[in-house]
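Listed below, chain by chain, are the residues.
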Amino acid sequence: MIEGRLQLGASLTMGEYILPRLLGPFSRDYPKISVSMKVMNTAQILDEVLGHQLNFGLVEAPIHHPDVHIEAILSDELKLIVPANHPLADMDVVTLEELLKYPFVLREQGSGTRRVMEEEFARCNMDCTSMKIVMELGSTGAIKSAVEAGLGVSILSQSSVKHEVTLGLLKVKQIENISFKRSFYAIYLSSTLLPISAVSFMTFLRQEDLSRFL
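Since the structure is predicted, the reported quantities are computational estimates derived from the model, not experimental observations. In every chain, residue numbers begin from 1 and rise along the written sequence. With the structure being a predicted model, the display of local features is reserved for residues of pLDDT at least 70 and the display and counting of side-chain atom pairs for 80 or more, all residues being used for whole-chain, interface and lining totals. Side-chain calculation: all heavy atoms of the structure are included, whereas hydrogens and water are not.

**Concerning the packing of helix H1 (residues 12–29) against helix H7 (residues 196–207)**
At a minimum axis separation of 11 Å, H1 and H7 run at an interaxial angle of 110°. The pairing of H1 with H7 is recorded here as roughly perpendicular in orientation. Every pair of crossing elements has a handedness; the one defined by H1 and H7 is right-handed. For the pair formed by H1 and H7, the contact residues are Leu-19, Leu-22, Leu-23, Pro-25, Phe-26 and Asp-29 on the first element and Ser-197, Ser-200, Phe-201, Phe-204 and Leu-205 on the second. In terms of residue class, the contact of H1 with H7 is made up of eight nonpolar, two polar and one charged. Axes, fitted as lines to C-alpha atoms, cover a helix only where it is in contact. Angles between the N-to-C directions of the axes lie from 0 to 180 degrees. Runs of H or I in DSSP of at least four residues are treated as helices and runs of E of at least two as strands, each being numbered from the N terminus. In these notes the angle categories are as follows: under 35 degrees is roughly parallel, over 145 is roughly antiparallel, 65 to 115 is roughly perpendicular, and the rest is oblique. Each crossing gets its hand from how the near helix is turned against the far one by less than a right angle, where anticlockwise is left-handed and clockwise is right-handed. Working rule for contacts: check all heavy atoms of both residues, and any pair within 4.5 Å makes them a contact. Classes in brief: Ala, Val, Leu, Ile, Met, Phe, Trp, Tyr, Cys and Pro nonpolar; Asp, Glu, Lys and Arg charged; the others, Gly included, polar.

**Some words on helix H2 (residues 42–50)**
Buried means the residue's accessible area, taken with a 1.4 Å probe over protein chains only, is under 20% of the maximum for its type, while exposed means over 50%, and partly exposed covers the values in between. Within H2, burial applies to Thr-42, Ile-45, Leu-46, Glu-48 and Val-49. The arc enclosing the buried residues of H2, seen along the axis, measures out at 165°, which places them on a common side. Against the buried residues of H2 lie strand E1 (4–10), strand E2 (33–39), strand E3 (57–59), strand E4 (68–83), helix H4 (112–123) and strand E10 (180–189). Pairing of N or O atoms within 3.5 Å defines a polar contact, subject to two protein rules: one partner must be a possible hydrogen donor and the other a possible acceptor, and residues neighboring in sequence count only if both atoms are side-chain atoms. At the N-terminal boundary of H2, the capping side chain belongs to Asn-41, with an oxygen 3.1 Å from the backbone nitrogen of Ala-43. After H2 finishes, the residue His-52 shows a positive phi value of roughly 65°. Comment: arc refers to directions from the helix axis out to C-beta atoms.

**Some words on empty space enclosed by the protein**
Each cavity reported here is a set of points on a 1 Å grid over the protein atoms alone in which a 1.4 Å probe fits but cannot get out, each pocket an open set with protein on both sides within 12 Å along at least five of seven lines, and each lining residue one with an atom within 4 Å of a point. Grid points are joined across faces, edges and corners, and a volume is the space filled by probe spheres set on the points. Scanning the model with the defined rule gives one cavity of 30 Å³ or more in all. If you add up the space inside the largest cavity, you get close to 30 Å³. As for the largest cavity, its lining consists of Leu-106, Arg-107, Thr-113, Arg-114, Met-117, Ile-143, Ser-154, Ile-155 and Leu-156. Residue composition of the lining of the largest cavity, grouped by class: five nonpolar, two polar and two charged.

Structure, rendered in structure tokens:
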């Protein structure tokens with residue numbers, strides 16, 4: 001029986017909405033491994049991995065650093081999130097022209113979610129300075145509350161709004177000709193030997209069909 005403590009950092013969407021659904025099955029497979037998790041944005045996790053404060057991280061955007069090993073472990077997609085009573089809520093597909101009429105509530109610079117959104121808009125030749133950004137918030141939960149309150153629309157992971165959509169508080173919409181598909185990644189220092197607890201978790205992530213837990 002493998003024993004130990006798993007210490008990892010997870011970006012906000014991963015740490016708040018996805019990992020809790022994975023840690024239950026992992027703990028059933030490895031009951032002697034305890035888990036300690038810090039939830040931060042992608043940039044902060046990279047800093048702590050490079051500074052040897054974390055030996056393992058799960059992030060929402062690819063990291064390009066010569067000292068860091070990166071491995072895609074899970075697919076995800078961002079979508080347009082609007083209040084249930086918003087003018088866009090009943091549209092099957094929202095055009096960029098129509099979308100840019102409305103204010104946005106977004107994650108802060110440095111977050112994986114923000115980076116994926118900006119990169120896809122840039123690919124579509126859209127200048128993000130044309131967006132009416134009224135708030136930048138450091139947590140997905142705060143953004144969801146702001147969108148529910150009618151302060152703006154947002155771009156968030158589908159996985160993070162399942163509860164609110166079920167309750168009829170928010171709606172998930174598709175933007176015409178834009179797809180915010182992404183992967184979640186495991187990162188660690190290339191020069192570091194991971195502890196057995198982290199190796200066991202990586203094995204779990206590689207071998208399981210993680211989509212069935214989400």
